Amino acid sequence: MTRVVLGMIGLGTVGVGVVNLLSQEHHLSLKRIAVKNIGKPRPVKPPCLLTADPYEVIDDPEIEVLIEVMGGETPALEYIRRALSKRKHIVTANKEVLAKHGPELFKLARDNGVTIFFEAAVAGGVPLISTIHKGLEANRISAVTGILNGTTNFILSRMEEVGESFAAALGEAQTRGFAEADPSADVDGYDVAYKLSILSALAYGRFVRPDSIYREGIRNIAADDIAAAQEFGYRVKLVGSTCQFSPDKLSVRVQPMLVPLTHPLAAVSGSNNGILVAGHAVGEITLVGPGAGQMPTASAIVGDTINLASALMLPDFASYFHPAVESEWATTADAGEFVCPYYLRMAVADFPGVIGRIGTIFGTHNVSMQSIVQRGVKEKGARITIVTQDVATSNMNAALDELRSCNFLLEIASVISIFKPEFSNVH
Ligand code: HSE
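About the cut-offs
- Residues numbered from 1 in each chain as written.
- Predicted model: local features only at pLDDT ≥ 70, side-chain atom pairs only at ≥ 80, totals over all residues.
- Heavy atoms only, no water.
- Helix = DSSP H or I, 4+ residues; strand = E, 2+ residues; numbered from the N terminus.
- Rg over C-alpha atoms; globule rule 2.2 N^0.38 Å.
- Buried < 20%, exposed > 50% of the residue type's maximum accessible area, 1.4 Å probe, protein only.
- Contact = heavy atoms within 4.5 Å.
- Areas by Shrake-Rupley, 256 points an atom, 1.4 Å probe, with all protein chains shown as cover.
- 1 Å grid on protein atoms, 1.4 Å probe; cavity = no way out; pocket = protein on both sides within 12 Å on 5 of 7 lines; lining within 4 Å.
- Points joined across faces, edges and corners; volume = space filled by probe spheres on them.
- Nonpolar A, V, L, I, M, F, W, Y, C, P; charged D, E, K, R; others polar.
- Domains from an automatic or database assignment.
- Polar contact = N/O pair within 3.5 Å; in protein donor to acceptor, adjacent residues only side chain to side chain.
- Near = heavy atom within 4 Å.
- Pairing = 2+ DSSP bridges.
- Buried area = accessible area lost by both parts, 1.4 Å probe.
- Salt bridge = Lys/Arg side-chain N within 4 Å of Asp/Glu carboxyl O.
- Expected span 1.5 Å × (residues − 1).
- Arc of directions from axis to C-beta.

Caption draft 1: The arrangement of the overall build of the chain in detail. Of the regular secondary structure elements, the chain holds 14 helices and 18 strands. For 427 residues, the compact-globule estimate of 2.2 N^0.38 gives 22 Å, and the chain sits close to it at 24 Å. Of all 427 residues assigned to the chain, the portion counted as buried reaches 55%. Once local pairs closer than 6 in sequence are excluded, the contacts in the chain between residues at least 24 apart make up 73%. Of the accessible surface of the chain, which amounts to about 17700 Å², a share of 51% is contributed by carbon and sulfur atoms.

Caption draft 2: Representation of the layout of surface pockets. Quantified by volume, the largest pocket comes out at close to 1200 Å³. Around the largest pocket, the lining comprises 40 residues; the ones closest to its centre are Val14, Lys95, Glu180, Asp186 and Asp191. Mapped onto the lining of the largest pocket, the elements with two or more residues apiece are helix H1 (13–22), helix H4 (95–111), helix H6 (150–162), helix H8 (184–187), helix H9 (190–204) and helix H11 (294–311). Here the lining of the largest pocket is built from residues that sort into 15 nonpolar, 16 polar and nine charged. In terms of domain composition, the lining of the largest pocket takes at least three residues from each of domain 1 (4–125 + 295–321) and domain 2 (128–291). Quantified by volume, the second largest pocket comes out at close to 450 Å³.

Caption draft 3: Region of interest: the side chain of Asn149. Relative to the assigned elements, Asn149 resides in the loop between strand S7 (141–147) and H6. Among the polar contacts made by the side chain of Asn149, one reaches the side chain of Thr152 at a distance of 2.8 Å. Within the structure, Asn149 has its side chain in polar contact with the side chain of Asp186 (distance 2.7 Å). Those residues within four positions of Asn149 in sequence are excluded, and the remaining contacts are Asp186, Asp191, Val192, Lys195 and Asn273.

Caption draft 4: Region of interest: the site of the ligand. Around the ligand lies a shell formed by Lys95, Asn149, Gly150, Thr151, Asp186, Asp191, Lys195 and Ala292. Side-chain polar atom of Asp191 to an oxygen atom of the ligand: 2.9 Å apart, as the coordinates give it. Here an oxygen atom of the ligand sits 2.9 Å away from a polar atom, N or O, in the side chain of Lys195. Coverage of the ligand by the protein chains reaches 82% of its 260 Å² of free accessible surface.

Caption draft 5: Examining the pairing of strand S10 (residues 249–260) more closely. Counting buried positions along S10 yields eleven of twelve residues, so the element is predominantly enclosed. The pairing of strand S9 (residues 234–246) with S10 spans twelve bridges and is classified as antiparallel. Among the inter-strand pairings, Cys243 is bridged to a residue of S10, identified as Ser251. Count of turn residues in the S9/S10 antiparallel hairpin: two residues. Two strands pair when backbone bridges link them, and S10 and strand S18 (residues 409–418) are joined in this way by two bridges, in the parallel orientation. Each bridged residue has a counterpart across the sheet, and for Leu258 the counterpart in S18 is Ile418.

Caption draft 6: View of the domain arrangement of the chain. Segmenting the chain into domains produces domain 1 (4–125 + 295–321), domain 2 (128–291) and domain 3 (338–416). The gap between the C-alpha centroids of domain 1 and domain 2 is 26 Å. The partner domain 2 presents 20 residues to the 18 residues of domain 1 that form the contact. Overall, the association of domain 1 and domain 2 removes approximately 1500 Å² of surface from exposure, summing both partners, and the carbon and sulfur fraction of that is 72%. Seen at the junction of domain 1 and domain 2, the total is one salt bridge. Our count for the domain 1 to domain 2 interface comes out at seven residue pairs in polar contact (both at pLDDT 80 or more). Of all elements in the fold, only H4 and helix H12 (318–321) reach the threshold of two or more residues within the side of domain 1 that touches domain 2. A total of eight residues in the side of domain 1 that touches domain 2 trace back to one element, the largest contributor, which is H4. When its residues are assigned to classes, the side of domain 1 that touches domain 2 shows eleven nonpolar, three polar and four charged.

Caption draft 7: View of the pairing of strand S12 (residues 283–290). Two elements, strand S11 (residues 272–279) and S12, share eight bridges in a ladder whose sense is antiparallel. Note on S12: the bridge partner recorded for Ala278 is Glu284. Between S11 and S12, which pair antiparallel in sequence order, lie three residues.

Caption draft 8: Expanded view of helix H14 (residues 393–404). Along its twelve residues, H14 runs 16 Å from first to last C-alpha, staying within 8% of the 16 Å computed at 1.5 Å per residue. Within H14 the residues assigned to the buried category are Thr393, Met396, Ala399, Leu400 and Leu403. Down the axis, H14 shows its buried residues gathered within 125 degrees of arc, on one side only. Of the surrounding elements, those touching the buried residues of H14 are strand S14 (342–348), helix H13 (354–364), strand S16 (382–388), strand S17 (391–392) and S18.

Following this line, the structure appears as structure tokens:
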């Protein structure tokens, strides 16, 4: 096999995994790795020269493929841009750069006759990108839905299994190396939003600007919600979804949801990811596996690199790998138009007529209750848990705003959407 010369930027946890896996691929020769700090002790002996100057990698004419595993938007964006314009192929795990700059970068790649591989950017070791891009090419995709963040799934699973608070479960995720010291990208839903932008590009041909994606994280999920969910037959999961809302709009959302215990997504536990893809010909498929971590992510990166290296000897192969993405951004539906049942947990003053007044306010805004459970707690008023029927989010919000202005309302502690199986299988 012809020897292919690679360069890499970044040698953190994932980079070390990549170095280890590449050592088994004798036709792939890693020539140089750019790192921030050359002197830093590392758990692997670098197999090649290290440099603190990324341009020594990017501008090296012998390097055909650049593996970018530094992460973050800047300066990675600048390095990828320059490498593409120097006609180097890119293999990256960088969801943030692709989600925010995908239209520009894929155009730049096309214009330069090179390509970008990004299996590792979504769902780590689960081959979701190649499944949608190539395996389901004959399908019109109607929805991609799932658990796309291993850290938050670990935290929610732990809250349920061990009965820990959010803060304690986050601490455990940090101790085990899943969650970063600053966990915001994971727990506030940004990571999933980036992944949904990329999945939308593959499924529907356009990236979605991350700031136009409806986003709620899991910081406010309390042990009481996990317990109440179980009582009602659900499990709390952070669910990301992108689906065709109307001919010209996508509905793209990341939010905690109550998933029925009988649904396959409820069984995805720990740091795993689980994704449902619905296509008009195939129906619905489910992929489950490790969505984060050193070796699963390295598996996706080195898989991409092997694939790319085999194609390098073919004439004009890059176009075969280009996803059919347009330069325009997708248009998204208004978040208020989303319709689902809701779970609500609130505390109210305990006097006659309160439940009746809640019912009247809900009725005024077209919110129909499916069940209501009241537990009296003297000092804090009565704790009420409500499950509604399907309601437009704008109506639910209007009802909650009116409730907030009532003298009997002490607190609206939780408002969580309820997942319905048809969300993942819209046709
Ligand atoms: N931090 C991500 C997760 C992995 O926990 O799933 C990289 O996207």
